[in-house]
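Chain residues, written in single-letter form:
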Amino acid sequence: MEKIVNIDNISDYNAACNHKTLHPLVSVINFSNANPRDWGDVESIRFEYGLYTIFLKDVKCGDIQYGRHFYDYQAGTLVFFEPGQVATFINPKMVYQPVGLGLLFHPDLLRGTTLGKTIQDYKFFSYQTNEALHLSDDERQIILDCLTKIEFELKQPIDKHSKKLITSNIELFLNYCERFYDRQFITRDVAHKGILEKFEDLLNNYFASDKPQTVGLPSVAYCAEELHLSANYFGDLIKKETGQSAKEYIQNKTINVAKNKVFEGDKTVNEIAYELGFKYPQHFTRLFKQRVGISPNEYKHLN
């Protein structure tokens with residue numbers, strides 16, 4: 001049996017965590033003040049998010065599933081959810097005390113603000129749950145300082161400056177998260193290079209199979225799914241490692257395979273295009289010329 005919990009109202013969530021509501025659209029919560037959790041005999045709890053929700057986990061309290069994947073989270077991990085997302089918590093069937101902090105804010109808080117125009121640029125909200133942000137001690141302190149500033153502002157009487165100051169501090173918090181994600185890309189370089197190698201192998205195997213003819217050209221979404229990553233995280237990773245977008249990397253690989261096929265025999269441009277997965281040969285010719293500077297036939301005769 002599965003229990004469904006909607007997280008879409010600040011006041012209701014505060015009440016469930018023994019936390020006073022200081023603002024109807026935003027809250028900073030210390031989960032140590034919440035009552036111990038006991039979900040009974042249910043197999044899992046399905047959380048449906050209607051708020052932007054960020055948890056600083058200080059204890060692992062069970063497995064969290066998002067889609068087909070699980071969180072690889074631990075103490076000191078920041079996890080992000082945005083409105084419309086669903087996460088399933090596998091019930092450990094034991095009483096536990098929540099520990100950590102949470103920042104929750106309603107989309108209505110952002111209406112008419114600078115952050116409202118840029119919130120979609122923070123791609124980590126759509127990262128899969130096994131791509132959480134792992135903080136160093138110094139980074140953790142910065143995050144705590146940001147949350148303290150937001151909480152300080154929430155405790156002030158609401159006036160004409162409140163919305164701007166609160167959203168500005170949330171924006172500062174998210175900008176630090178973005179910086180720390182960039183650091184994570186660099187410090188986890190070995191693992192990422194492994195992903196790059198797997199990406200290259202994936203493309204090699206793809207073009208060596210009949211998938212181009214049956215499925216078409218490999219897409220960024222397909223490659224990310226095969227590598228068990230979200231498309232956004234995968235795209236950011238490839239960009240950091242290669243300087244190219246994932247789409248550009250796939251296109252360059254396609255052209256390299258095409259160059260080899262040009263010399264394989266007497267195949268026409270149309271035949272090569274279809275073998276590579278292009279629906280229309282003219283699209284292949286256009287891409288080849290963009291990347292190489294000359295048409296496939298000119299390239300063959302030139303070489």
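Residues numbered from 1 in each chain as written. Predicted model: local features only at pLDDT ≥ 70, side-chain atom pairs only at ≥ 80, totals over all residues. Heavy atoms only, no water.

Enquirer: Looking at this model, I keep getting lost on unusual backbone geometry. Mind explaining?
Expert: Peptide bonds are trans in most cases, and residues, glycine excluded, mostly fall at negative phi. Even without being a glycine, N18 presents a positive backbone phi close to 55°. By secondary structure assignment, the location of N18 is in the loop between α1 (10-16) and β2 (26-30). If you check the backbone angles, H228 has positive phi at about 60° while not being a glycine. In this structure H228 comes out as partly exposed when scored by relative accessible area, which is 44%. (Helix = DSSP H or I, 4+ residues; strand = E, 2+ residues; numbered from the N terminus. Buried < 20%, exposed > 50% of the residue type's maximum accessible area, 1.4 Å probe, protein only.)

Enquirer: How should the pattern of salt bridges be read in this particular structure?
Expert: The tally for this structure, following the rule as stated, stands at eight salt bridges. Residue K267 pairs with E275 through a salt bridge whose shortest N-O separation is 2.8 Å. One network of salt bridges, in which partners are shared, links K261, K267 and E275. (Salt bridge = Lys/Arg side-chain N within 4 Å of Asp/Glu carboxyl O.)

Enquirer: What's the story with the confidence of the model for the protein chain in this structure? I'm lost.
Expert: As a note on interpretation, predicted positions should not be read in detail where pLDDT is low. Looking at the protein chain as a whole, its pLDDT mean stands at 87, while 89% of the residues score no less than 70. Looking across the protein chain, the model is least confident in strand β6 (residues 69-70), with a mean pLDDT of 52, and most confident in β2, with 97. (pLDDT = per-residue confidence, 0-100.)

Enquirer: Sorry, what's going on with the nonpolar core here?
Expert: Nonpolar side chains in soluble globular proteins tend to be buried together. Membership of the largest hydrophobic core comes to 48 residues, with the highest contact counts inside it found for F105, F125, L174 and F199. Looking at which element gives the most residues to this core, the answer is helix α4 (residues 162-187), with eight residues. By size, the runner-up hydrophobic cluster in this structure holds 22 residues, among which are A34, W39, V42 and Y49. (Core = buried A, V, L, I, M, F, W, Y, C linked by side-chain atoms within 4.5 Å.)

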